[in-house]
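# Commentary on secondary and tertiary structure
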Amino acid sequence: MNEKYSSGKFTKSYALKKNLEEGDYKMVEVSSKAFRNKLKESNARPAKESESNLVLDKINRNTLKLQLTNNPTVYLFEFPLKHSPLKHGTLVWRDDNIQQRLNKYEAYFKAFRTLNDTNNLNDLYELPIFFQPRINQFGRVYHIGASMPRLIRKICVTKSDELIYEVDMASAQPSLLILEWIRSLASMSEEANKCLELVANGKVYKYLVENSEVLKDMEYDKMKKEILTTFNGEYKPTKLYKELKVLLPELIKWIDNIKFNEGYKKVSHRGQSAEAKVFVEVYKNLPEDMFALLIHDCILTTENKTQMVKDRLIKRVRELYKDVIPKDLNINKLFKTNKVSVVRWVD
């Protein structure tokens, strides 16, 4: 608690400690009508700001089209089994990080279940997990749908009971950085041609894994994180960095020059900006009558709309990188389609 205050200017302030235990808090009903109105007003302000922005309003309206199926066990079963069974089937998780993840999943599950029977945006704004969507300075959009855990997303369908699919970019951040790097070249080198071919065929990660001792036996999520950390993070001459420098010396030299001359964060900023120019632009121009939700480097939609979304993403990449991608180069494999929903409604 901060004891400092100034009469008529600012009050004392409070903060919740990290890693709250269940006994540290309790749910209470707001009994004050004035306070309830204040809460509604606080939700209304960001809502109006979002509704004035084409992209943010579209995201909120499509988030409300989600329906969460009654399948919590689908995500529970995918957690590591570091737990002790108690009576009534309760689980106590030994790993604090897993417990925190489980708490987050439960919060999203309960919150989105309350939206199943409503089409009122105010109900979305009043969720305890809701936060005002925003677009950062590089164009990337942050919102409640994008922050929804992957395993929760898997047990969603649309309110019209259609399964959800995603259209995403293969090796998105490395692929976009490669395209940015090639654009900076005065002429195409052998490495540039090889990289362009990898991007067009969606095989950047595959190539790196097949040619790296560090990456070859690594789980996909960890592999992806290691590559992105090496590309986007501070300069560190790790074993993986040295391997990548041998595999792609010109690209790594270009990335290092950005880090040393402009700061390492500029690398990820460039990738985010390129990503937004592709995905946000396509998303905002999709038909209003279809379900579509932007999740950074992918777009969620229904099966019958995936080809249209993919075609528009391909067209957008060709427009943005017309000075890099030859007209006769097939880039259909740069984007892939996957089913997100794994279940239908279960009573």
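Let me sum up the structure you'll find in this document.

## Description of the nonpolar core
- With 93 residues, the main nonpolar core has Ile299, Val317 and Phe335 as its most contacted residues.
- The element contributing the most residues to this core is helix 14 (residues 265-284), with eight residues.
- Here Phe335 is in contact with Val167, Asp168, Met169, Val278, Phe279, Lys310, Leu313, Ile314 and Val317, once residues within four sequence places are set aside.

## Quick look at the environment of Lys265
- Within the secondary structure layout, Lys265 lies in helix 14.
- Residues Lys265 and Glu234, spaced 31 residues apart in sequence, show a C-alpha to C-alpha distance of 7.9 Å.

## A look at the packing of aromatic side chains
- On inspection of all chains with the given rule, the structure shows six aromatic pairs.
- Here the aromatic rings of Tyr205 and Tyr220 are separated by 6.3 Å at their centres, their planes lie at 85°, and the arrangement is edge-to-face. Taken together, the residues span a long stretch of sequence, with Tyr205 in helix 10 (residues 204-210) and Tyr220 in helix 11 (residues 220-232) at a distance of 15 residues.
- You can call Tyr220 partly exposed: its relative accessible area is 47%.
- Grouped by ring-pair contacts, the aromatic residues Tyr235, Tyr241 and Phe260 constitute a single cluster.
- One Lys or Arg, Lys58, reaches over the ring of Tyr283 and ends 5.3 Å from the middle of that ring.
- Its guanidinium or amino end placed over the ring of Tyr142, Arg134 lies 4.6 Å from that ring's centre, counting from NZ or CZ.

## Description of the pattern of salt bridges
- One pass over the full model with this rule turns up 12 salt bridges.
- Among the salt bridges present, the one from Asp57 reaches Arg61, with a minimum N-O distance of 3.1 Å. Here Asp57 and its partner Arg61 are both found in helix 2 (residues 54-63), four residues apart, which amounts to about one turn of the helix.
- The salt bridge partner of Lys58 is Glu288, with a shortest N-O separation of 3.5 Å.

## Section: the sheet that holds strand 7 (residues 164-169)
- The four strands are arranged 8-9-7-10 in an open sheet whose pairing can be described as antiparallel. Strands at the two margins of the open sheet, each flanked by one partner only, are strand 8 (292-295) and strand 10 (335-339). Pairs of neighbouring strands in the sheet enclose a mean axial angle of 25°, with direction left out of account.
- With five bridges joining them, strand 7 and strand 9 (residues 298-302) adopt antiparallel strand pairing. Pairing of Tyr165 across the sheet is with Thr301, part of strand 9.

## Considerations on the side chain of Thr63
- By the secondary structure assignment, Thr63 is in helix 2.
- The contacts of Thr63, once residues within four sequence positions are left out, are Phe112, Leu124, Ile144 and Leu293.

Definitions and limits used
Residues numbered from 1 in each chain as written. Predicted model: local features only at pLDDT ≥ 70, side-chain atom pairs only at ≥ 80, totals over all residues. Heavy atoms only, no water. Core = buried A, V, L, I, M, F, W, Y, C linked by side-chain atoms within 4.5 Å. Buried < 20%, exposed > 50% of the residue type's maximum accessible area, 1.4 Å probe, protein only. Helix = DSSP H or I, 4+ residues; strand = E, 2+ residues; numbered from the N terminus. Contact = heavy atoms within 4.5 Å. Phe/Tyr/Trp six-rings, centres within 6.5 Å; stacked < 30°, edge-to-face > 60°. Lys NZ or Arg CZ within 6 Å of the ring centre and 35° of its normal. Salt bridge = Lys/Arg side-chain N within 4 Å of Asp/Glu carboxyl O. Pairing = 2+ DSSP bridges. Axes fitted to C-alpha atoms, helices over the stretch in contact; angles between N-to-C directions.

Everything listed here is a matter of coordinates, which is why it stays silent on function.
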